[in-house]
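# Fold and contact review
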Amino acid sequence: MASRSAKSGAATSADTSDRISSVLQEHRAFAPPASFRARAHVSSARQLASLRAEAEADPVAFWQERAKELAWFRPWKKVLDWKHPHARWFVGGTTNASVNCLDRHLGGWRRTKAALIWEGEMGEVRTMTYQQLHGQVCKAANALLKLGVQRGDVVAIYMGMVPETVIAMLACARIGATHNVIFGGFSSEAVRERINDSGAVVLITQDAAVRRGSIVELKSAADVAVKKCPSIRHMLVLSRCGVQVTMKRGRDLWWHDVVDGASPVNEPAQLDSEHPLFILYTSGSTGKPKGILHTTGGYLTQVAYTTRMVFDLQEDDVYFCTADVGWITGHSYVVYGPLMNGATVMIYEGVPNYPAPDRMWDIVERHAVSVFYTAPTAIRSFMKAGQAWPERHDLSSLRLLGTVGEPINPEAWMWYHSVIGKGRCPIVDTWWQTETGAIMISPLPGATTTRPGTATVPLPGIVADVVRKDGTSCGPNEGGLLVIKHPWPSMLRTIHGNDERYKAAYWSEFPKGRRHPGWYFTGDGARRDRYGNIWIIGRVDDVVNVSGHRLGTAEIESALVSDPRVAEAAVVARPDDIKGNALVAFVTVKVGVKASGALAESLRQHVGKEIGPIAKPDEIRFTDALPKTRSGKIMRRLLREIVTSGSATGDVTTLEDSGVLERLRSIEEE
Ligand code: PRX
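Residues numbered from 1 in each chain as written. Predicted model: local features only at pLDDT ≥ 70, side-chain atom pairs only at ≥ 80, totals over all residues. Heavy atoms only, no water.

### Here we look at the site of the ligand
Of all residues adjacent to the ligand, which total 17 residues, the nearest are Asp429, Thr430, Thr434, Arg539 and Arg550. Separating an oxygen atom of the ligand from a side-chain N or O atom of Gln433 is a distance of 2.9 Å. Between Asn545 and the ligand, the recorded distance is 3.4 Å, taken from a side-chain N or O atom to an oxygen atom. For the ligand, the accessible surface in isolation is 550 Å², of which the surrounding protein chains cover 95%. Taken together, the elements giving at least two residues each to the shell around the ligand come down to α11 (328-340), β21 (427-430) and β26 (534-539). The residue makeup of the shell around the ligand, split by class, is 6 nonpolar, 6 polar and 5 charged. (Near = heavy atom within 4 Å. Polar contact = N/O pair within 3.5 Å; in protein donor to acceptor, adjacent residues only side chain to side chain. Areas by Shrake-Rupley, 256 points an atom, 1.4 Å probe, with all protein chains shown as cover. Helix = DSSP H or I, 4+ residues; strand = E, 2+ residues; numbered from the N terminus. Nonpolar A, V, L, I, M, F, W, Y, C, P; charged D, E, K, R; others polar.)

Quick look at the structure:
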């Protein structure tokens, strides 16, 4: 492994010289290995530069060419209709996501190619060819139609990682229902909120999911959720574990009763390019999650293209993205992207370290996985478990590694590169968001020189920049705000039911005006190095990234204050070796309530119940007051400083009660 500081700016993976021209770690650089380049879709910097030139000359024409690679029933009349901040792509065209993922592959030999290889946590394996998956999707589509689901209706999906989750998503897409996948780790409260906000008419769930060797009951959680969901007419329940559940007559139906017997023939709906494909909820800086709305033609175009280019998909690849379908990565890079490309997709049901820390490597070896895409938090936990675990396995099938979700620390990048990739596999560090729908900034593995810790440069067709608050571009290594300056096909179209919030959250920082035409603000801080590589510094709003998942601190705070014993709460993040960030909650209790370790634990459980275990604060610190401005705003910046460095040294002049800081510094964690 290269040492942290000993590599010079010109070093490559093959370069073992010990020249020291800079101590900056980002100067370690890795050119694509010749063996990889030999058959890559884009195999040289020159080829990439010409793609980039094509895109820069006319980004709209560039995306039009990419859209032609999809199957359309009717071609579009106009490529982009941009009325700031609303985009419509491939206007007038009609298509269908499930046709692009399935039907398109049935004409040739891919018909019998494995589309999904699913491995259950207990070790069972199910393989489904494209033809079989198509049959299942058609059956599920017919079952949904029979339940009265109509084009434009929302269907909520609250499931674990089983093939039926993918089938359910594609079945919705086939009939023009908009899916709303709710992560299986969310609580009843979170499910209820997401169902009610979206107005879902059907909820698809399963009796229980398998996780870390035990059973997680989803149907009973769904029962609690839908008690106050007036829009739900039916629940479709998959029997995964055979556990006893209560089925409400007339409302609840078993998957095997309605799907298995349905016809495997289904005529796909011809949907407008702008037809809503899905709503996916993500955290924002206020308490309520945002229903990010993605539509069909533009989303599919960018997802299909980026999957093929970034992962350099080849016909014989076995592609494994470890994300749960409950997150955007699961939507774009477990389901739609790889299936549109006719890939063989590996899906794993359980946790990565069960029954032992080598479960992933065991899967890679047994299924000959060639492309592996995961999150930095997972890589750090593999590192912590030790390299003896991957060393037990033959990982020679791997040819490409990917990461997503948060900045990867160079140390973890180097470990991934050397211990998992054996120095042979390029690493694609992919920057994007739920809102962007698809990868925006990433290397192309056969063409880009990578550096540990940067997602490198925007993909062709994406116009991103790091700018100052006044909109001028930052100079090299000057920290600024990451913006996207031109609409892109897979961009979110709005926040479901709240277009004002859409405008405020993404378009108000750099509004349309005299200085510029109005840009999308990502919420991320970043800098560009002298090679043009973009380094993400982190979120600049009150959103934190824990284990690669975005959590709104306001959401956790409102969960805390929903406990009757809590008066006020402020949640901030401190760096954590494994999770990226750990959550620290400062809590003031109501008069007469005694702060104690037991109360702290009960509040943690309460947050778990309200939102889900991922949102549980790692630490709870009780205090008698929170630092506030005179206008009453909690100064989270000061709390952040206290949890990271133990003191608050920044500007405290706006603080209402300066004694608070002194008291906060001295409190102990409960
Ligand atoms: O802060 C960035 C970080 O994750 C945020 C998006 O989170 P989410 O919508 O949950 O989507 C995660 C999966 C696409 C971004 O605003 N982020 C994501 N990927 C990277 C990243 N930060 C640095 N490097 C990345 N590769």
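### Some remarks on the layout of surface pockets
What the second largest pocket holds in volume is close to 340 Å³. Lining the second largest pocket are 22 residues, and of these Ser285, Ala504, Ala505, Phe521 and Asp541 lie nearest its centre. Going through the elements one at a time, α16 (499-507) and β25 (520-528) are the ones with two or more residues in the lining of the second largest pocket. Looking at the lining of the second largest pocket residue by residue, the classes come out as 7 nonpolar, 7 polar and 8 charged. Counting contributing residues per domain, the lining of the second largest pocket is built from domain 1 (94-298) and domain 2 (538-665), each supplying no fewer than three. (1 Å grid on protein atoms, 1.4 Å probe; cavity = no way out; pocket = protein on both sides within 12 Å on 5 of 7 lines; lining within 4 Å. Points joined across faces, edges and corners; volume = space filled by probe spheres on them. Domains from an automatic or database assignment.)

### Regarding the domain arrangement of the protein
Each domain of the protein was delimited in the assignment, giving domain 1 (94-298) and domain 2 (538-665). Computed over C-alpha atoms, the centres of domain 1 and domain 2 are 36 Å apart. Residue-level contacts link 14 residues of domain 1 with 15 residues of domain 2. Carbon and sulfur atoms supply 49% of the area that domain 1 and domain 2 bury against each other, a total of about 1,000 Å² over both sides. In this assembly, domain 1 and domain 2 are joined by 1 salt bridge. Residue Arg194 pairs with Glu555 through a salt bridge whose shortest N-O separation is 4.0 Å. Run the count over domain 1 and domain 2 and you get 6 residue pairs in polar contact (both at pLDDT 80 or more). Among the elements that take part in the side of domain 1 that touches domain 2, helix α7 (residues 188-198) stands out by supplying 3 residues, more than any other. Among the residues forming the side of domain 1 that touches domain 2, the class breakdown is 3 nonpolar, 8 polar and 3 charged. (Contact = heavy atoms within 4.5 Å. Buried area = accessible area lost by both parts, 1.4 Å probe. Salt bridge = Lys/Arg side-chain N within 4 Å of Asp/Glu carboxyl O.)

### Topic: the packing of aromatic side chains
The way to describe two aromatic rings as a pair is by their centre distance and the angle between their planes. As enumerated under the stated definition, the model contains 29 aromatic pairs in all. For the ring pair Phe30 and Trp413, a centre distance of 5.1 Å and an interplane angle of 40° mean the geometry is tilted. One end of the pair, Phe30, is in the segment before α1 (34-37); the other, Trp413, is in helix α15 (residues 410-420), with 383 residues separating them in the sequence. Under the relative-accessibility criterion, Trp413 is labelled buried at 1%. Taking 4.6 Å as the distance between ring centres and 35° as the angle between the ring planes, the aromatic pair formed by Phe183 and Trp327 counts as tilted. Here Trp327 lies in the loop between β17 (318-321) and α11 and Phe183 lies in the loop between β8 (178-181) and α7, a separation of 144 residues in the sequence. Taking relative accessible area as the criterion, Trp327 reaches 17% and is therefore assigned buried. An aromatic cluster is built from Trp82, Trp488, Tyr502, Tyr506, Trp507 and Tyr520, whose rings are joined through pairwise contacts. Sitting over the ring of Phe186, Arg194 keeps its end group 4.3 Å from the ring centre. The ring of Tyr531 carries the charged tip of Arg451 above its face, separated from the ring centre by 3.8 Å. (Phe/Tyr/Trp six-rings, centres within 6.5 Å; stacked < 30°, edge-to-face > 60°. Buried < 20%, exposed > 50% of the residue type's maximum accessible area, 1.4 Å probe, protein only. Lys NZ or Arg CZ within 6 Å of the ring centre and 35° of its normal.)

### Thoughts on the sheet that holds strand β31 (residues 619-622)
Read from one edge to the other, the open sheet built from 3 strands follows the order β29-β30-β31, with strand pairing classed as mixed. The open sheet has two edge strands with one neighbour each: β29 (566-576) and β31. On average, adjacent strands in this sheet sit at an angle of 25° to one another, irrespective of strand direction. Sheet topology places β29 next to strand β30 (residues 580-589); 10 bridges connect them, and they run antiparallel. Its bridge partner being in β30, Ala573 is matched across the sheet by Leu583. (Pairing = 2+ DSSP bridges. Axes fitted to C-alpha atoms, helices over the stretch in contact; angles between N-to-C directions.)

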